[in-house]
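Structure at a glance
In case you want the letters, here they are:
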Amino acid sequence: MEEPLCCCEYVDRRGQRNHLAACCCDCEDLDEGCERWLTCRSLPPGALGRIADTVADRVRVPWFAGAVKINVSLVPPLVLLPVFLHVAALHFLLGLVILTSLPVVVLWYYYLTHRRKERTLFFLSLGLFSLGYMYYVFLQEVVPRGHVGYSQVVALTCGLILMLAALSRAKTDPGYLPIPASREKSLHQGLPGKGVRGSSNGLHASGAASGRAVNGEAQGYSRMSAEEPEGVKKDWCARCQLVRPARAGHCRLCGRCVRRLDHHCVWINSCVGERNHQAFILALSFFMLTSVYGITLTLHTICRGRTPFVALFYCPGAYSDYSSALSFTCVWYCAIVTAGMGYILLIQLLNISYNVTEREARLALRDNTGRRLLGGLVIDTGQYNRGFLCNWGHFLSLGSSSPQRSAEDIV
């Protein structure tokens, strides 16, 4: 019988028993890379990827049943965000350069991961840590000045809690279609079909839940796939081995088909679909209200006698002391993030008003089958638009009834 792992041992990606103390040992790719770098020679193809995989596998912390792997993408926001904000508070020009560069770097990393079709916890970590750090700065630098009342702090805290509660709900199952029995069997046997990469938290679906799905709804979909009519071949998902109902789509990042798929949101590291779309909109709304309220309270404190909008662009005493400079820098950081999230919320509200999803709008643009409205902010496909009130009524009723599996449910 194999001995249990101690707190500092783990099984590496090659299936071998390893120890945290040997994290810098036995890495041929890293040794070769250092040697080639010192001799000014180029690295062989794929060497950087192998080195990155090895480093990511060895970044672990001791735990009771063995060392636990830490997702490397969680670390940069926790370290870099406070450093950048504190440096930006040293001088106006430093703040201008850093606050201009941060969105560019985040967008670059987004397109990099999007092109590689990779899931990452970087954006979720950045969002949650930004919320926590902004709240910490508010309590440490703004509240002690005496211009923020107790009731205002309570209101801001309640808004933050409500937003986190809605975000937690948005992280649940977006409406994954159940896995057919044939595909689940191939997954358990390790056949080429790849594993299912997606639940809302990035973990594999549990065996019990998968079994229930196979015994129930998945059997219906597998029967539909076996009797696939000629007219619905375009709705057959070769990866999930099922016929998708109306408005469902396959997420290439989660590796699952989702009912009424809107988009894959990197900020929650999950899809937005039929079951969590309402919570997603609620989380965005609470974030906007809380953020604007916090910005207003901070500007009223460090720029007395000026309206928030004027103080955001003209606050002569902002850099008179380091505390005010840090608060003002955090205000601008919040304003940039709030503007980005406000744009996302606006697009979402417009899409709901026309009963169109982001996925449908993207496909309509590709196939040139939709109408650009409101200056291109929304794409009306005309397929599901039943008027403003009916569209919102349909959205508010999402997930309230059991899914239909009739012939009309297939586009």
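The text that follows walks through the structure, step by step, so that each part is easy to find.

Scoring rules and cut-offs
Residues numbered from 1 in each chain as written. Predicted model: local features only at pLDDT ≥ 70, side-chain atom pairs only at ≥ 80, totals over all residues. Heavy atoms only, no water. Helix = DSSP H or I, 4+ residues; strand = E, 2+ residues; numbered from the N terminus. Buried < 20%, exposed > 50% of the residue type's maximum accessible area, 1.4 Å probe, protein only. Contact = heavy atoms within 4.5 Å. Areas by Shrake-Rupley, 256 points an atom, 1.4 Å probe, with all protein chains shown as cover. Axes fitted to C-alpha atoms, helices over the stretch in contact; angles between N-to-C directions. Parallel < 35°, antiparallel > 145°, perpendicular 65-115°, else oblique. Left-handed = near helix turned anticlockwise from the far one by under 90°. 1 Å grid on protein atoms, 1.4 Å probe; cavity = no way out; pocket = protein on both sides within 12 Å on 5 of 7 lines; lining within 4 Å. Points joined across faces, edges and corners; volume = space filled by probe spheres on them. Nonpolar A, V, L, I, M, F, W, Y, C, P; charged D, E, K, R; others polar. Disulfide = S-S within 2.5 Å. Core = buried A, V, L, I, M, F, W, Y, C linked by side-chain atoms within 4.5 Å. Phe/Tyr/Trp six-rings, centres within 6.5 Å; stacked < 30°, edge-to-face > 60°. Polar contact = N/O pair within 3.5 Å; in protein donor to acceptor, adjacent residues only side chain to side chain.

Some points on the overall build of the chain
When its secondary structure is counted, the chain shows 14 helices and twelve strands. The buried share among the 411 residues of the chain stands at 41%. Here the contacts in the chain between residues at least 6 apart in sequence split such that 63% fall between residues at least 24 apart. About 22900 Å² of surface is accessible on the chain, with carbon and sulfur atoms providing 63% of the total.

Some details on the packing of helix α10 (residues 277-302) against helix α12 (residues 322-353)
Taken N-terminus to C-terminus, the directions of α10 and α12 make an angle of 150°; their axes are 9 Å apart at the nearest point. Regarding the angle of α10 to α12, the classification is roughly antiparallel. The crossing of α10 and α12 is left-handed.

Description of empty space enclosed by the protein
Applying the stated criterion across every chain, the model contains two cavities of 30 Å³ or more. Lining the largest cavity, in full, are Tyr-110, Thr-113, His-114, Glu-118, Arg-119, Thr-120, Leu-253, His-264, Val-266 and Asn-269. Broken down by element, the residue count for the lining of the largest cavity peaks at three residues, all from helix α4 (residues 92-116). Its residues placed into classes, the lining of the largest cavity shows three nonpolar, five polar and two charged.

Some thoughts on the state of the cysteines
Considering all chains together, one arrives at one disulfide under this definition. Across the disulfide from Cys-303 sits Cys-315; the S-S distance is 1.6 Å. Here Cys-303 and Cys-315 share a disulfide; its torsion about the S-S bond, -105°, makes the bridge left-handed. Here Cys-315 lies in the loop between α11 (308-313) and α12 and Cys-303 lies in the loop between α10 and α11, a separation of twelve residues in the sequence. With a relative accessible area of 12%, Cys-315 lands in the buried category.

A word on the packing of α4 against α12
Between α4 and α12, the shortest axis-to-axis distance is 11 Å and the interhelical angle comes to 30°. Regarding the angle of α4 to α12, the classification is roughly parallel. Relative to α12, the crossing made by α4 is right-handed. Facing Leu-99, Leu-102 and Pro-103 of α4, the residues of α12 in contact are Thr-329, Trp-332, Tyr-333 and Ile-336. In terms of residue class, the contact of α4 with α12 is built from six nonpolar, one polar and no charged.

Here we look at the nonpolar core
Among the nonpolar cores identified, the biggest contains 31 residues, and Leu-85, Met-134, Ile-295, Leu-299, Phe-328, Cys-330 and Tyr-333 are the most heavily contacted of them. Only α3 (75-88), α4, α5 (122-142), α10, α11 and α12 provide two or more residues apiece to this core. Tallying contributions element by element places α12 first for this core, with eight residues. Those residues in contact with Ile-295 that lie beyond four places of it in its chain are Val-331, Cys-334, Ala-335 and Thr-338. Of all hydrophobic cores here, the second largest spans 21 residues; its members include Leu-131, Ala-170, Ala-283 and Phe-395.

Quick notes on the packing of aromatic side chains
One pass over the full model with this rule turns up 14 aromatic pairs. Through successive ring pairs, a cluster of aromatic residues spans Tyr-109, Tyr-110, Tyr-111, Phe-122, Phe-123 and Trp-267.

A look at the side chain of Thr-329
Turning to its location among the elements, Thr-329 is positioned in helix α12. Exposure remark for Thr-329: the relative accessible area of 2% places this residue in the buried category. Separated by 2.8 Å, the side chain of Thr-329 and the backbone oxygen of Ala-325 make a polar contact. Once residues lying within four places of it in the same chain are set aside, the contact partners of Thr-329 are Leu-85, Ala-88, Ala-89, Leu-99 and Tyr-319.

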